[in-house]
Amino acid sequence: MAELLVRWAEINSGSSNAAGLGRMADALMNSFQDAFPGAQIQALPLGAAGAVRAISVQMRPGAPRQVLLSGHYDTVYSADHSFQTCTRLDAATLRGPGVADMKGGIVTMLEALRAFESEQPGTVGWQVLLTPDEETGSVLSAPLLREVAQHHQLALVFEPSRPNGNIVRARMGTGILTATSHGRAAHAGRAPEDGRNAIVALAEFLVAADQAARTIPGILLNIGAIRGGGTVNIVPDFAQAEMNFRVSRSAGEAELRRALEAAASRINARDGYRLEISGQLNRPPKEILPAEEPLFSAYRACAASVGAQVDWQDVAGGSDGNILSAAGLPCLDGLGPIGEHLHSSDEIVRLPSLVQRAQIAALFLRRLAL
């Protein structure tokens, strides 16, 4: 498993690297074809140009119980990023791009299915769906994920486990909001009183937005990028900020918007200013569904049988599990190997957890087939 993971991790498949995503898609299709000669394997073009592909692998699509195994093969590391190779830090630790998030999860998924298929699992059919754009919000993949969700009874999402070994119970929804401030240009020395400084207005709004978000339970707001102005002897008439926001409940987006609109209205009440807010959630929150409680109990029992103590917890990061859950499909998320320092040049995977998580997933699938 470690050897396969190194080969995959050293194929750069950053979300913006179309050529690298193509190479990774080919490698995945070859590995799944070798493991499951009888599977139906498809490359599904996404977007108007079809420049990137989702990978679908199906076994027994007519079986009475259908399970979706979800993952993504893009990473946050661009083709020119310095982090391109893997290093064994010790016998139990591998550092490398995407080794946990989530090429390690795909290795785990592959080996779990290989073990499951060795034991006559005729009553359960499964579909693997691997997407190429999860790290950028699954914009192209979301319609496919929602459509596929309608044909299964549950989903297993192989995002990395938490550093403490827990899997994911619920995830916050994620989105991007843009605040655009318009003012009035003027000469900064001759007639500054004629100007309306868009940067100052935006700064006032952003401080108010940050403070308001902190008062709403289950909301995170991060002001992440600002631009505006130009020549410094001109009162700037334009400024813009982008904000990442996360909500633990679907209703949280409307609560946040009301607070931000109130802050914007105080700016807009002044002569010569206009502050507009645009954007929305790109992933709804993954809220706990009633059917997931017994699924987790079964998963925890399978973990105990291989000596693992596993709980589940709520997290702030999003995944394709958000989209599947919002489509009504019960999900167990975070079933991949244990990883740390994701999205950094220190990303690692705990190698023994590759085997352990594959064992647990295979036992869980076997239990479904009984």
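Predicted model, so just to flag it, every value in this text is computed and none were measured.

Cut-offs used in this document
- Residues numbered from 1 in each chain as written.
- Predicted model: local features only at pLDDT ≥ 70, side-chain atom pairs only at ≥ 80, totals over all residues.
- Heavy atoms only, no water.
- Helix = DSSP H or I, 4+ residues; strand = E, 2+ residues; numbered from the N terminus.
- Buried < 20%, exposed > 50% of the residue type's maximum accessible area, 1.4 Å probe, protein only.
- Contact = heavy atoms within 4.5 Å.
- Areas by Shrake-Rupley, 256 points an atom, 1.4 Å probe, with all protein chains shown as cover.
- Lys, Arg positive; Asp, Glu negative; His and termini not counted.
- Charge placed at Lys NZ, Arg CZ, Asp CG, Glu CD.
- Pairing = 2+ DSSP bridges.
- Axes fitted to C-alpha atoms, helices over the stretch in contact; angles between N-to-C directions.
- Core = buried A, V, L, I, M, F, W, Y, C linked by side-chain atoms within 4.5 Å.
- Salt bridge = Lys/Arg side-chain N within 4 Å of Asp/Glu carboxyl O.
- Parallel < 35°, antiparallel > 145°, perpendicular 65-115°, else oblique.
- Left-handed = near helix turned anticlockwise from the far one by under 90°.
- Nonpolar A, V, L, I, M, F, W, Y, C, P; charged D, E, K, R; others polar.
- Expected span 1.5 Å × (residues − 1).
- Arc of directions from axis to C-beta.
- Phe/Tyr/Trp six-rings, centres within 6.5 Å; stacked < 30°, edge-to-face > 60°.
- Lys NZ or Arg CZ within 6 Å of the ring centre and 35° of its normal.

Enquirer: Got a minute to help me understand the overall build of the protein chain in this structure?
Expert: In terms of regular secondary structure, the protein chain is built from nine helices and 18 strands. Dimensions of the protein chain, computed from the C-alpha atoms along their principal axes, are close to 85 × 45 × 40 Å. When each of the 370 residues of the protein chain is scored for burial, the buried share is 51%. Within the protein chain, residue pairs in contact and separated by at least 24 positions form 77% of the contacts whose partners lie at least 6 positions apart. Accessible surface, the protein chain: about 15600 Å² in total, of which carbon and sulfur atoms supply 51%. Distance between charge centres in the protein chain, computed from 32 positive and 37 negative side chains, equals 2 Å.

Enquirer: Looking at this structure, I do not really get the sheet that holds strand β5 (residues 93–95). What am I missing?
Expert: Remark on secondary structure: sheet strands pair via backbone hydrogen bonds, oriented parallel or antiparallel. Spatially, the four strands line up as an open sheet ordered β4-β5-β18-β17, and their pairing is antiparallel. Sheet topology places β4 (87–90) and β17 (339–340) at the edges, where each strand pairs with a single neighbour. Examined bridge by bridge, β4 and β5 share three bridges and lie antiparallel to one another. Considered in β5, the bridge of D90 is made with T93. Against the sheet, helix α9 (residues 351–369) makes contact with β4, β5 and β18 (348–350), and its axis sits at roughly 55° relative to β18, the strand it touches most.

Enquirer: Where do I start with the nonpolar core in this structure?
Expert: Among the nonpolar cores identified, the biggest contains 78 residues, and F32 and F364 are the most heavily contacted of them. Here the element with the most residues in this core is α9; it accounts for nine residues. Membership of the second largest hydrophobic core comes to 26 residues, among which are A179, A198, I216 and L260.

Enquirer: Can you walk me through the pattern of salt bridges in this structure?
Expert: A side chain with one charge can pair with a side chain of the opposite charge if their charged atoms come near. Evaluated as defined, the whole model comprises 17 salt bridges. One salt bridge in this structure joins E111 and R114, with 3.0 Å as the shortest N-O distance. Of the two residues, E111 and R114 are both situated in helix α3 (residues 103–117); the distance of three residues between them amounts to about one turn of the helix. When the shortest N-O distance is used, the salt bridge between D314 and R169 registers 3.3 Å. Within this pair, whereas D314 is found in strand β15 (residues 312–315), its partner R169 is found in strand β8 (residues 167–171), the two being separated by 145 residues in sequence.

Enquirer: What am I meant to see in the packing of helix α2 (residues 18–35) against α3 here?
Expert: Two quantities define a packed helix pair, namely the angle between the axes and the distance from one axis to the other. Closest axis-to-axis distance for the α2/α3 pair is 10 Å, and the angle between their directions is 15°. Comparing the axis directions of α2 and α3 gives the class roughly parallel. Pair α2 / α3 crosses with right-handed handedness. Side by side, α2 and α3 meet where M24, L28, S31, F32 and A35 of the first sit next to K103, I106, M109, L110 and R114 of the second. Looking at side-chain class alone, the contact of α2 with α3 contains seven nonpolar, one polar and two charged residues.

Enquirer: Is there a simple way to think about α9 in this case?
Expert: For an α-helix, 3.6 residues make a turn, and residues three or four places apart therefore share a direction. For α9, which comprises 19 residues, the first-to-last C-alpha distance of 28 Å matches the rise-based estimate of 27 Å (1.5 Å per residue) to within 8%. For α9, the full list of buried residues reads L351, S353, L354, R357, A358, I360, A361, A362, F364, L365 and L368.

Enquirer: Help me out: how do you make sense of helix α4 (residues 142–149) in this one?
Expert: All of the buried residues along α4 are A142, L144, L145, V148 and A149. Projected onto a plane normal to the axis of α4, the buried residues spread over an arc of 160° and lie on a single side. Packed against the buried residues of α4 are β1 (40–46), β2 (52–59), β3 (65–72), β6 (124–131) and α8 (320–326).

Enquirer: Explanation requested: the packing of aromatic side chains in the structure shown.
Expert: Given two aromatic rings, one states the distance between the centres and the angle between the planes to describe the pair. What the rule picks out here adds up to five aromatic pairs. For the ring pair F32 and F36, a centre distance of 6.2 Å and an interplane angle of 35° mean the geometry is tilted. Side by side, F32 and F36 carry an identical accessibility label, which is buried. Each residue in the set F32, F36 and W126 is aromatic and connected to the rest through ring pairs, giving one cluster. The ring of W312 has R169 lying over it, and the distance from NZ or CZ to the ring centre is 6.0 Å.

Enquirer: How should unusual backbone geometry be read in this particular structure?
Expert: When glycine is set aside, most residues are seen to have a negative phi, and most peptide bonds are trans. The peptide bond linking D101 to M102 adopts the cis configuration, its omega dihedral lying at -15°. Inspection of the secondary structure assignment puts M102 in the loop between β5 and α3. Look at R60: it is not a glycine, yet its phi comes out positive at around 50°. One can find R60 in the loop between β2 and β3. Accessibility expressed as a relative area gives 23% for R60, which makes it partly exposed.

Enquirer: Sorry, what's going on with the sheet that holds strand β13 (residues 238–247) here?
Expert: Strand order in the open sheet formed by four strands is β11-β13-β9-β14, and the pairing between neighbours is antiparallel. Both outer strands of the open sheet, β11 (219–228) and β14 (274–283), are each paired with one neighbouring strand and no more. Strand-to-strand, the axes of this sheet are offset by a mean angle of 20°, without reference to chain direction. Pairing geometry for strand β9 (residues 173–182) and β14, over nine bridges, is antiparallel. Looking at β14, one finds that L177 is bridged to G279. Against the sheet, helix α5 (residues 198–214) touches β9, β11, β13 and β14, its axis set at about 10° to β13. This element, helix α6 (residues 252–268), spans β9, β11, β13 and β14 of the sheet and lies at about 165° to β14.

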